[in-house]
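Results of the structural survey
Spelled out, the chains give:
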Amino acid sequence: MSTWDHGRIANNMGYRILEKGGSALDAVEQGVMEVESDPEVRTVGIGGFPDREGVVTLDACIMKGDGSCGSVAFLQDIKNPIAVARKVMEQTPHIMLVGNGALQFALDHGFRKEKLLTEASRKDYEEWLEKSEYKPVINIENHDTISTLALDMNGSIAGACTTSGAAWKMHGRVGDSPIIGAGLFLDGEVGGACATGLGEEVIRTAGSAMVVEMMRQGKTPQEACEAIVHRIIRKGKDMEDIQVGFMAMDMDGRTGAYSIQKGFTYAVKSQVREELEEARYQIG
Ligand code: ASP
């Protein structure tokens, strides 16, 4: 399952891998790479909205049910941060690399530098510059992280999360998406969860880790997503303009999703289901 309408792109690619008996890890990585590489998707990878200095900076993380994980943040000039995150997981003793260090690591591992600011994003940025209003509010238009959760034929689970973050964010701002436990969390005994929307609210509540813990304690994926969104609303201020959504899956493949505002869609694909669904929501 994958977040937003572009989740269908990730699911199609990921499912092809799963069908042939491939791993959940390959499925989520390859799935989200399709979206990262698509310049038409303006919130992930190449073509993503830049920060308020006009620089595209990318965040991503990847995790397996056994607790292995890798992450990159504030990465520039590399269009597939998820693949770099996987290399961090597999080829270093660390979990997270950021900024120039992450870039250097990527270049050392054969990634190529590319210009990520497309003409379309540059134009939007110039329009934004006219007023330069700094409103780091994630609403319905300026976000859309892609996160994918997959279960393979061996019963292993993996997840990937990748984003260009909030449009026009402060230079150096990192959201929830590359933070294990916030934007993404999995435990092979329970299942996985991921988030999209205003990352600050998700970090504050250790959102995805909480969803998985609530599932461990007996909630269904749907109930757990609802519980964390209710907690965010209860603890937060001015939630009317803010969007946060969660999506979760347990080890039996049961799914759930919930958001603050109307409009959070997610795509599901399995042997028996292929759907783009709208998550239930609190305010609408
Ligand atoms: N969660 C992301 C962030 O705060 C934004 C998004 O979901 O698009 O960076």
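First, a word on scope: everything that follows refers to the structure included in this document. (Residues numbered from 1 in each chain as written. Predicted model: local features only at pLDDT ≥ 70, side-chain atom pairs only at ≥ 80, totals over all residues. Heavy atoms only, no water.)

**A word on the nonpolar core**
Definition in use: Only buried Ala, Val, Leu, Ile, Met, Phe, Trp, Tyr and Cys residues count toward a nonpolar core, and they belong to the same one when joined by side-chain atoms within 4.5 Å. Type-normalised accessible area, obtained with a 1.4 Å probe on protein chains alone, sets the label of each residue: buried when under 20%, exposed when over 50%, and partly exposed for intermediate values. Put simply, DSSP marks the helices as runs of H or I at least four residues long and the strands as runs of E at least two long, and each gets a number from the N terminus on. Contacts are residue-level and defined by heavy atoms, with any inter-residue pair within 4.5 Å sufficient.
Of all hydrophobic cores here, the largest spans 43 residues; its most connected members are Leu184, Val211, Val244 and Phe246. Here this core takes 6 residues from helix H8 (residues 221-235), the largest share from any one element. Not counting chain neighbours up to four residues away, the residues in contact with Val211 comprise Ala193, Ala224, Cys225, Ile228, Phe246 and Ala248. In this structure, Ala10, Ala83, Ile146 and Ala150 belong to the second largest nonpolar core, which totals 33 residues.

**Here we look at the pattern of salt bridges**
Think of it this way: side chains of opposite charge can pair up when their charged atoms draw near. In plain terms, the rule: We define a salt bridge as a side-chain nitrogen of Lys or Arg found within 4 Å of a carboxyl oxygen belonging to Asp or Glu.
Under the defined criterion, the tally for this structure stands at 20 salt bridges. Here Asp26 makes a salt bridge to Arg86, at a shortest N to O gap of 2.7 Å. In this pair, Asp26 sits in helix H2 (residues 24-36) while Arg86 sits in helix H3 (residues 81-91), placing the two residues 60 residues apart along the sequence. Asp26 sits in the partly exposed class, given a relative accessible area of 28%.

**Overview of the packing of H3 against helix H4 (residues 99-108)**
For any two helices packed against each other, one specifies the crossing angle of their axes together with the interaxial distance. Put simply, the rule reads: For every element, the axis is a line fit to its C-alpha atoms; helices are fit only across the contacting stretch, and the angle between N-to-C directions ranges from 0 to 180 degrees. The labels follow the angle: roughly parallel below 35 degrees, roughly antiparallel above 145, roughly perpendicular from 65 to 115, and oblique for the rest. Residues are grouped as follows: Ala, Val, Leu, Ile, Met, Phe, Trp, Tyr, Cys and Pro are nonpolar; Asp, Glu, Lys and Arg are charged; every other residue, Gly included, is polar.
The contact between H3 and H4 brings their axes to 10 Å, and the two run at 85°. By the criterion of interaxial angle, the relationship of H3 to H4 is roughly perpendicular. Contacts between H3 and H4 involve Val84, Lys87 and Val88 from the former and Ala102, Phe105 and Ala106 from the latter. Grouping the constituent residues of the contact of H3 with H4 by class yields 5 nonpolar, no polar and 1 charged.

**Some details on helix H1 (residues 7-19)**
The line we're drawing: To estimate the expected span of a helix, subtract one from its residue number and multiply by 1.5 Å.
Taking 1.5 Å per residue, 13 residues should reach 18 Å; H1 reaches 18 Å between its end C-alpha atoms and fits that length. Those residues of H1 not exposed but buried are Gly7, Ala10, Asn11, Met13, Gly14, Tyr15, Ile17 and Leu18. Elements in contact with the buried residues of H1: strand S1 (2-3), H2, strand S5 (146-151) and strand S11 (265-269).

**Overview of the layout of surface pockets**
Cut-off, in case you're wondering: The way it works is a 1 Å grid over only the protein atoms, where trapped points that fit a 1.4 Å probe form a cavity and open points with protein on both sides within 12 Å along at least five of seven lines form a pocket, and then any residue with an atom within 4 Å of a point lines it. Grid points are joined across faces, edges and corners, and a volume is the space filled by probe spheres set on the points.
Taken as a whole, the largest pocket holds about 510 Å³ of empty space. Lining the largest pocket are 25 residues, with Tyr15, Leu18, Leu151, Lys269 and Ser270 positioned closest to its centre. Mapped onto the lining of the largest pocket, the elements with two or more residues apiece are H1, H2, S5 and S11.

**Quick look at the packing of aromatic side chains**
To be explicit about the condition: Think of it this way: a Phe, Tyr or Trp ring, Trp meaning its six-membered ring, pairs with another when their centres are within 6.5 Å, and the plane angle makes it stacked under 30 degrees, edge-to-face over 60, tilted otherwise.
Applying the stated rule across the entire model yields 6 aromatic pairs. Consider the rings of Phe49 and Trp168, whose centres lie 5.3 Å apart with planes at 55°: the pair is tilted. Taken together, the residues span a long stretch of sequence, with Phe49 in the loop between H2 and strand S2 (58-64) and Trp168 in the loop between strand S6 (157-163) and strand S7 (184-187) at a distance of 119 residues. Measuring from centroid to centroid gives 5.5 Å for Trp128 and Trp168, while their planes differ by 15°, and the two rings are stacked. Of the two residues, Trp128 is situated in helix H5 (residues 119-131) and Trp168 in the loop between S6 and S7; the sequence distance between them amounts to 40 residues. The exposure classification of Trp128 matches that of Trp168, with both residues buried.

**A look at H2**
For H2, with 13 residues, the first-to-last C-alpha span of 18 Å sits near the 18 Å given by 1.5 Å per residue. Burial analysis of H2 places 10 of its 13 residues in the buried class, which makes it a mostly covered element. For H2, the elements touching its buried residues are H1, S2, H3, S5 and S6.

**Here's the deal with the site of the ligand**
As a reminder of what qualifies: Being near a molecule or strand, for a residue, comes down to having at least one heavy atom within 4 Å of it. Computed by Shrake-Rupley with a 1.4 Å probe, the accessible areas treat only the displayed protein chains as cover when residues are assessed.
The local shell around the ligand holds 14 residues, among which Asp144, Thr145, Arg173, Asp176 and Gly197 are the closest. In isolation the ligand exposes 270 Å². Once the protein is present, 100% of that is buried. Class assignment of the residues belonging to the shell around the ligand gives a composition of 2 nonpolar, 9 polar and 3 charged.

**Concerning the sheet that holds S7**
Which entries qualify depends on this criterion: A pair of strands is labelled paired if DSSP reports no fewer than 2 bridges between them.
A sheet is described by the order of its strands in space; here 5 strands give the open sequence S7-S8-S9-S10-S13, paired in mixed fashion. For this open sheet the edge positions go to S7 and strand S13 (280-283), each flanked by a neighbour on one side alone. Ignoring strand direction, the axes of neighbouring strands in this sheet form an average angle of 15°. Taken together, the 4 bridges between S7 and strand S8 (residues 191-197) define a ladder with antiparallel strand orientation. Paired with Phe185 across the two strands is Ala193, which belongs to S8.

Remember that the coordinates give geometry; whether it matters functionally is a separate question.
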